[in-house]
Amino acid sequence: MTDTERVWLVERTYTDRDLVVLIYATPDGTRKLRKELAPTMLQRTTVTAATDADPSNLEEIEDGETIDRYATEVERVRESHDTDDPI
């Protein structure tokens, strides 16, 4: 069994390559999971408030301002959404 870590959606942006970038962060805002999806894939996928990630797939965040912003956003999302809520 693989251990996973719960991460919460904190950011959704679009690239100049027409990809949707989803950023999920740990509750303390220090690590993130980045997912890039084509718009057609996004239509077939339910984006949820949270997901479980393999800790080895999480990237460390160095910038203190980003850490604070992500931690604040995780708290906001957790207060207003259940884990599996479409968001």
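Heads up: these notes are all about the structure in this document. Just so you know, these numbers come straight off a predicted model, no measurement behind them.

1. Some remarks on the overall build of the protein
Working step 1: Assigned secondary structure in the protein consists of 2 helices and 5 strands.
Working step 2: Ordering the α and β elements of the protein from the N terminus gives β-β-β-α-β-β-α.
Working step 3: Taken over the C-alpha trace, the protein has a radius of gyration of 13 Å; the compact-globule value for 87 residues is 12 Å, and the two agree within 12%.
Working step 4: Burial statistics for the protein: of 87 residues in total, 37% are counted as buried.
Working step 5: In the protein, of all internal contacts separated by at least 6 residues, the share reaching a separation of at least 24 is 61%.
Working step 6: Carbon and sulfur atoms make up 43% of the accessible area of the protein, which amounts to about 5600 Å² in all.

2. What to know about the environment of Val 77
Working step 1: Looking at where Val 77 falls in the secondary structure, it is placed in helix α2 (residues 64–80).
Working step 2: Sequence separation of Val 77 and Leu 9 is 68 residues, and the distance between their C-alpha atoms is 7.5 Å.
Working step 3: Apart from residues lying up to four places away in sequence, Val 77 is in contact with Trp 8, Leu 9, Ala 49 and Ile 87.

Conventions we followed
Residue indices begin from 1 for each chain and proceed along its sequence in written order. A pLDDT threshold of at least 70 governs which residues receive local features in this predicted model, and a stricter bar of 80 or more applies before side-chain atom pairs are shown or counted, although totals over entire chains, interfaces and linings include all residues. Only hydrogens and water are set aside when side-chain values are computed; all heavy atoms of the structure are taken into account. Helix and strand labels come from DSSP, where a helix needs a run of H or I of at least four residues and a strand needs a run of E of at least two; each type is numbered from the N terminus. Radius of gyration: C-alpha atoms only; globule rule: 2.2 Å multiplied by the number of residues to the exponent 0.38. Between buried and exposed lies partly exposed: a residue is buried under 20% and exposed over 50% of the maximum accessible area for its type, with that area taken using a 1.4 Å probe on protein chains only. Should any heavy atoms of two residues lie within 4.5 Å, those residues are considered in contact. Surface exposure here means Shrake-Rupley accessible area, sampled with a 1.4 Å probe, where a residue is shielded only by the protein chains that are shown.

Note that all results are geometric; they support no functional claim without further evidence.
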